Structure formats: structure tokens, C-alpha cells
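Coordinates in review
Each chain is listed here by its residues.
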Amino acid sequence: MLDRFFSYNQLAKAWQQIRNGQNHRYKYYFKHIYQAYEIALEENLKNLSSRLISGGFSSPQVLRIFTPKSTTSQRPITLLPVEDQIAYQAIASLIADSIVKKRRATEFKTVFSNILAEDRSAFLFEDWRFCYSRYQDETENLVKSGYDWVVTCDLASFYDTISHDILFNQIPFLKSKPDEKEYISNILSQWTFEKKYEARKHGLPQGPMASDLLAEVFLMILDETLVKEIKSIRYVDDIRIFSKSMEQAQSSALKLERLLRGMGLVPQPEKFSIRQLSDGKELHKMEASETYDFVEDPDENLPLLNKEQTEGILTEAMTEEDKQIHKGLNPTLTKFSLFRGIPNSKTHSEVLRITEFYPQYAEAGFVFLRRAKDKKSALNLAEKLLERSPFGYVRYKCWDFITRCYSEIGNAKINKLAKLACETLKNQKNEEPTSILGAARFILNHANKKNTRQGIFVFRIKNRFIIALALKHLHSHLNGLGPTEFRRLHSDLPDIGLAILHQHEIYSTHLLQALNSKKSKLTPYTAGLSKLESNQTQGTPDAVSAGLYDHFKINVPHDLKQILGKRWPQALRYIVRANVYRKSSPGTWLRSVNGLCELFAWSLARKHNACSKKADKVELRQPDGRRFLKYGQLIDPGRKLNRTYPNLLDEFRSINKRRNDDIESHALNEKTGRRPKPSMKSSEVNGLSKTAGKGLANVIAQIEKL
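Remember, predicted model here, so these are calculated numbers, not experimental data.

1. Structural notes on the overall build of the protein
- Of regular secondary structure, the protein possesses 36 helices and 6 strands.
- Expressed as a percentage of its 706 residues, the buried residues of the protein come to 58%.

Take a look at the structure:
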């Protein structure tokens, strides 16, 4: 029954879609676990396929967290273990293939969200920015055509109210398969609700990309009705109906409400309205959208606004008109200015106020405040919110801010915060999961820095999933951590072992093996450990050197840990991924090889600066002195690094150029915005492999000379 859902090829396709997915905020929690799972990807997926098909797989647990939407409401996000994500995505991918023809009839006509990609072997959806832009353009075109009366509707608790019966009736191959419908409905209930007694025949876990697909499938019956009877467009649960008169708009609004209630959906009263527009652009300003790029480290990656631009946009977000529309601040402009802005004295004090009184902007606010030279007032605010905020997610972001600013905090305050973090971990029953996660990450960082035994408290958290997510911040061997603590973590949740495997280079093999007492049972953890041990090829000084020899036939006589330093673990992950994906996913292989080249390019630049006088040093940062150069800038022919070492980086530039224009690396070309080239064939992969090998050998040789 389950073979078609969970075959090895279907799971491999699902993995590619997950890794290339655009739900970056969600994937951020699992980055370290994904990397460890890929070490033995083929073995892991084959084992998972066998367990799923035989019925031997069960979801160990889910973690539901809540992010603030306003001062009085929250959005539920369901964090799934990595293998649950793969299984869920495999189901969604098969459903996508079955409904794609039917869906095409409404895409870019009525529906503009989560448009299915043409080649779904790498991406499930088209780039959301392109689709959202088309949605805005269509709004303006309809208003200009005379349809200036607009009904706007947003749904309340949309994902939680999706009926499984209505959903499955939209999927052709499930209509005659009651057993498969029952199976999928049961696991959807497990993934949507944390406790078994909460499970119902409705609801999808919000956060995973697979849920976005199923939500679109659920609304297909609504789309088909609207396209026949009403001039309308939709982006996820944001529905707009266009009419030429107020009377027509009222009639359409009533018809829409009846349709929605018939599907078990309820419009949000405060967002169900009729208005007359002049050009359609008014709606763009009213959208409480998430149309900003969330990245893990904004200081390194986001193109920043200058101080004047920041102040102008933030001021615009707080106009009287916006306060009437949003009952507060303009969400889009506020988040954009905070994620991208640089503080001055005026905006700094204003953002302190916003962060304190608007919980929905706490995350963006702390990103902004990290860019201030004086962080004392922001740290005081974070400490204050830890004690007063009722939102667990806000407290999580306070801990995150404090952890990132750790080196700027005095010893007395650090010790006070460490005591508070330990109390939070001890008092687990009365704390929200996100608050526990934030405290755990802080205390791990503190234990690493101060060599204390307080990090052991993290290993005593009852929810194993929280431990797996917290171990992302385990960067050195903890004082007091031994086989007893590792054995305490033994469970059916593979994410625990994967999180520790991610930091395998700081632990001895016998200590790691204490984690899994069932040696005969192949798990993602044991498979990855075996893979790493087998990579220690005789005759090479370290695992990365072995990987370079095996993949590129490069002989490296010296230990690359001396050259790469703290970047050595990342280099190992890249070389392992390159070996895993060379045949199955050329785009992922290329991305891994390009990442490997980038690590050695930066090592060359830093080694050069360490050996050079001030006048001869190469630039590593942007002109503002705050952000590092992007890789493409570092190896640009016009840069000093290339002038110092003519032609040395030619091969690296060729690899990077092809990576930027590959369909499996980018849904759209980053620079031109155009569709990239098709996937590479084996002949091109072989040629690029020779190019990369030559470039790596030359750069490594130059670093050794320095």
C-alpha cells in the first residue's frame, strides 16, 4: 500500500525539495541536523524507506511552538523530526504530481501562491517573490480595468481548520483508497497536535513546506467555483474579490462567506471588508505580509539600508494612517526597516520601545539592536523581557540576543543570567518550549566559554526534541560530559544522535558510541558515524584530505585542520555531500564543491593577511566595515586578492559562475532574475570536477607556501 509514497526514489526527491525549500525560517531550526543526516544520506533514506513501507516507523514526537502575531494572539508552528519531514514531503510530492494538470487551470489566473514548479525533482514551488509580484500586479490591473470595489478576506486559523475529508476528495488517487486516506489522516493528526487526545480529522502542521501544498489542494474546490462565478484572486488565505460597484461587491462578499463556511472555514471579521481603491497600490501598503528575506545571520548577508533610509522607512511605518489601518505599525515596512536598517540615536530609542511593547516585532527588533555600537540598553531590555514577557517566543529571542552579545556582558551579569537560565531549565513544567530552548542554547554557550558544568542541565531536559535543537550550540567538549550523559539521551528520536554527530570532531568515537546501545540497529546516527570512520583513509592526514584525494585525486601532505582551522568541520560536510550527490543531484554536488572552494579562498585571504604588512593586506569587509564581502566579491578579478595572485582563482570563478546559473541551486538566477540553465549532465559534471580539482590543488599549494 505504501510503496508508492515511500520508495527510495520518492524519499530522495522529497529530500531535495526540503533542502531547496524557501521556508528558511522553519529550516533554520534544523540546519545542523540536516547536515548530519546527509553524511550517510543514501543509507539513511534506504533504511527509512524500509521502515515506512513495513509499518515499523512511528512519529516519536512533535514540538508545537507559538510566535506572536499581535499583542494578544499567536501563530502555531509545528516542528517535526527530520525523518517525519521527509515522509511528509514524500506524500506531498506524490500528491503534487497527481493534481498538477488540474491546478494549472487556475495558476496565475485566480491563484498566485505556491505555484508548482515545472521540474519538481529539485524545487516543489516556483520562487515566491516572482509569484507575489504577479499577485500585486494583477491587483493593480483589475483596479485599472474598472473593478475598483474590492472585498478583502483573510481566514482565521486556516491551517488548523482544514478538513481532511474535503482535502482528500481533491486528490484523485485517494478517492478509491480508504486505507491510504485513513493512514494519511492519522499521521496528519499526529503531526498537527502534540498530544494524542487532541488528534482530530482536521488540521495541518503549520511550518513544513508539505503543508503549504496540501493547503493549496484543499482550496482547489474554492478556486474552481470562484473562477466561474466571481472575479477574484488569491494568495494562500488572502482572498480578494473585484467588482464594479459596491452592490456587486456586497453580493460577492456574501457568496464568498457562504462558500467558506460550507468548507468549515471562518473569515476573520476585522480583515473581511469592502473598500473602493484608486489604483490598487493601497492594498500593498495594507498587507501584513512576511515579504522580507529571513536569513540566519543578517549582519553577514543582508544588503543594509543606511541610517537615513532606515529612519525614513520606520517613520513611514508609524504614520497616523497606518495606525488606523493596522491598529499599530505597518507590519511590512516595520519588519523591513528593522531587518535591513542601521540605528541612529532616534531610531535606536524608537526600536527599543517597539521591541518592548510589540511582541510580533521582537525578533526583528533584536536583529536591529545588535547593529548598535552601545548594546547596554538593549541588553537591559532583554533581561527585563525575560522576567516580564508572557510570550515564550519573545523570551527565546531575548536569550538569543544575549547569547550573540555574550562577549560584551560583564561577569557579574553573565553569572546572574546563567543562574536564571538554569532555573528555567529546572522549572520545565511551567515554561514554554521556546523559552527552554533559548535558555538551553545560552547555557551551552556559557558552559563552553567559562568551562563550567552547568551545560549538563541541557542533557536533563525531558523533551528530547528540544535537546536536539539546542545542541546546535554545542561547539566544544563540555566539562563533565561523559558516557553517562550520552546514554541518558538514548531514544527513538534520531535527531538527538544527528545533532551530536554534527559536532563529531570534538568527541572521541567511544564516547559517541555510548549514545546508541543497540549496535545492531542501523540508525541515521550510526550510519553517519560509520561513514565518517570509513573516510579516514590510510595515508592521508585527516578526513578532508582523504575526501579531496578520493574525489579530486589531490594529494595533500599536510593536515588540513591546520589550514582551515574552525572551518574544517564545514569542509568535511561539503566533501561528504559532494560524494553523496555527484550522480543523484548534480546541482547539490556543484553547490557543495563551490562551498568547498569558498572555504579555501577565505583561508588563502586570511593567511595572506596574517603574513603581510598592513599596506599589502587584502580587503575582507564591505566599505562600511561591518559586513564581510560576499564570496563572489572576494574572488572578483578587480579585487586586490586576484591582483596579488593573478589567475590563481580562475577555476574558482568558473565554478561559482556555473553554480549561480544552475536550476538546482537557484529557482531564479540571483543576479539576472531569469530562469537558470537546465540540470547538468554527467559530462559537464566531470569537466567541472577537473576544474575544481585544479583550482583547489593550486590554492592549497599557495597557502602551504605562505
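Alright, that's what it looks like, and here's the rest.
2. Details of the pairing of strand S3 (residues 149-154)
- Within S3, 6 of the 6 residues are buried, which leaves the element mostly enclosed by the surrounding structure.
- The sheet contact formed by S3 and strand S5 (residues 238-243) spans 6 bridges and is antiparallel. What sits directly across from Asp154, in S5, is Asp238.
- Both S3 and strand S6 (residues 273-276) contribute to a ladder of 4 bridges, which runs antiparallel. Residue pairing for S6: Thr152 is matched across the bridge by Ser273.

3. Some remarks on the packing of aromatic side chains
- Inspection of every chain in the model, using the stated rule, returns 24 aromatic pairs.
- For the pair Phe5 and Phe6, a centre-to-centre distance of 6.0 Å together with 45 degrees between the ring planes defines the contact as tilted. Side by side, Phe5 and Phe6 carry an identical accessibility label, which is buried.
- Ring geometry for Tyr26 versus Phe30: centroids 5.4 Å apart, planes at 45 degrees, classification tilted.

4. Digging into the nonpolar core
- Core analysis: the largest hydrophobic core is formed by 200 residues, its most contacted members being Leu79, Phe158, Leu213, Leu548 and Phe600.
- It is helix H6 (residues 82-104) that provides the largest number of residues to this core, a total of 12 residues.
- If near-sequence neighbours (up to four positions away) are discounted, Phe158 is found in contact with Ala215, Phe218, Leu219, Val236, Asp237 and Leu265.

5. Here we look at the packing of helix H11 (residues 220-229) against helix H12 (residues 246-262)
- Relative orientation of the contacting elements H11 and H12 amounts to 160 degrees, with a least axis distance of 11 Å. In this view, H11 runs roughly antiparallel relative to H12, as classed from their interaxial angle. Handedness of the crossing formed by H11 with H12: right-handed. Of the residues in H12, those touching H11 at Leu222, Thr225, Leu226 and Glu229 are Lys255, Leu256, Leu259 and Leu260.

6. As for the sheet that holds S3
- Within the open sheet, the 4 strands sit side by side as S4-S5-S3-S6. Their pairing is antiparallel. Two strands lie at the open edges of the sheet, namely strand S4 (232-235) and S6, each paired on one side alone. If you compare each strand with its neighbour and ignore which way they point, the axes differ by 20 degrees on average.

7. A word on the side chain of Thr152
- Secondary-structure assignment places Thr152 in strand S3.
- Overall, Thr152 belongs to the buried group, its relative accessible area being 10%.
- In terms of polar contacts, Thr152 uses its side chain to reach the side chain of Arg275, at 3.5 Å.
- With residues near it in sequence (within four places) discarded, Thr152 still touches Ile239, Arg240, Lys271, Phe272, Ser273, Arg275 and Leu283.

8. Notes on the packing of helix H32 (residues 586-610) against helix H35 (residues 650-660)
- Two elements in contact, H32 and H35, have axes separated by 10 Å at closest approach and are oriented at 140 degrees. Between H32 and H35, the angle falls in the class oblique. Every pair of crossing elements has a handedness; the one defined by H32 and H35 is left-handed. Between H32 and H35, the residues in contact are Leu590, Arg591, Val593, Asn594, Cys597 and Ala601 and Phe652, Ile655, Asn656, Arg658 and Arg659, respectively.
- Across the contact of H32 with H35, the residue classes tally to 6 nonpolar, 2 polar and 3 charged.

9. Examining the pairing of S5
- Within S5, 5 of the 6 residues are buried, which leaves it mostly tucked inside the rest of the structure.
- Two strands pair when backbone bridges link them, and S4 and S5 are joined in this way by 4 bridges, in the antiparallel orientation. Bridge pairing links Arg234 to Ile239 in S5.
- Here S4 folds back onto S5 in antiparallel fashion, the turn holding 2 residues, of which Val236 has a positive phi close to 55 degrees.

10. Brief notes about unusual backbone geometry
- In this structure, Asn114 is a non-glycine residue whose phi angle is positive, near 50 degrees.
- With respect to the helices and strands, the residue Asn114 is situated in the loop between H6 and helix H7 (128-144).
- Although it is not a glycine, Asn451 sits at a positive phi angle of roughly 55 degrees.
- Note that Asn451 resides in the loop between helix H23 (433-450) and helix H24 (464-470).

11. Notes on H11
- Within H11 the residues assigned to the buried category are Met220, Leu222, Asp223 and Leu226. One side of H11 carries all its buried residues, which in axial view fall inside an arc of 150 degrees.
- Packing partners of the buried residues in H11 comprise H6, helix H10 (209-218), S4, S5 and H12.

12. Here's the deal with the confidence of the model for the protein
- Overall, the predicted model of the protein reaches an average pLDDT of 83, with 83% of residues at or above 70.
- The low-confidence segment residues 517-521 (pLDDT under 50) makes 6 contacts with residues lying over four places distant or belonging to another chain.

13. Things to note about H12
- In a regular helix each residue adds 1.5 Å, so 17 residues correspond to 24 Å; H12 covers 24 Å between its end C-alpha atoms and thus fits that length.
- Taken together, the buried residues of H12 touch S3, H11, S5 and S6.
- Positive phi shows up at Gly264, right after H12, with a value of about 80 degrees.

14. Observations concerning the environment of Gly280
- Tracing the backbone through its elements, the reader meets Gly280 in the loop between S6 and helix H13 (281-286).
- Accessibility expressed as a relative area gives 0% for Gly280, which makes it buried.
- Sequence separation between Gly280 and Val143 is 137 residues; the distance between their C-alpha atoms is 5.8 Å.
- Discounting chain neighbours no more than four positions away, the residues touching Gly280 are Thr139, Glu140 and Val143.

15. Overview of the pattern of salt bridges
- Scanning the entire structure with this criterion turns up 33 salt bridges.
- In the salt-bridge network here, residues are joined through shared partners; they are Arg103, Arg104, Glu107, Glu118, Glu216, Asp223 and Arg234.

16. Considerations on the side chain of Arg653
- Position of Arg653 relative to the elements: it lies in helix H35.
- For Arg653, the residues in contact, after removing those within four places along its chain, are Ile635, Asp636, Pro637 and Asn642.

17. Some remarks on the environment of Trp399
- Locating Trp399 in the fold gives a position in helix H21 (residues 392-404).
- Distance from Trp399 to Ser435, taken between C-alpha atoms, is 8.1 Å for residues 36 residues apart in sequence.
- Those residues in contact with Trp399 that lie beyond four places of it in its chain are Leu386, Leu417, Leu420, Ala421, Thr424, Ser435, Gly438, Ala439 and Phe442.

Here is what the cut-offs are and how they apply
Residues numbered from 1 in each chain as written. Predicted model: local features only at pLDDT ≥ 70, side-chain atom pairs only at ≥ 80, totals over all residues. Heavy atoms only, no water. Helix = DSSP H or I, 4+ residues; strand = E, 2+ residues; numbered from the N terminus. Buried < 20%, exposed > 50% of the residue type's maximum accessible area, 1.4 Å probe, protein only. Pairing = 2+ DSSP bridges. Phe/Tyr/Trp six-rings, centres within 6.5 Å; stacked < 30°, edge-to-face > 60°. Core = buried A, V, L, I, M, F, W, Y, C linked by side-chain atoms within 4.5 Å. Contact = heavy atoms within 4.5 Å. Axes fitted to C-alpha atoms, helices over the stretch in contact; angles between N-to-C directions. Parallel < 35°, antiparallel > 145°, perpendicular 65-115°, else oblique. Left-handed = near helix turned anticlockwise from the far one by under 90°. Polar contact = N/O pair within 3.5 Å; in protein donor to acceptor, adjacent residues only side chain to side chain. Nonpolar A, V, L, I, M, F, W, Y, C, P; charged D, E, K, R; others polar. Arc of directions from axis to C-beta. pLDDT = per-residue confidence, 0-100. Expected span 1.5 Å × (residues − 1). Salt bridge = Lys/Arg side-chain N within 4 Å of Asp/Glu carboxyl O.

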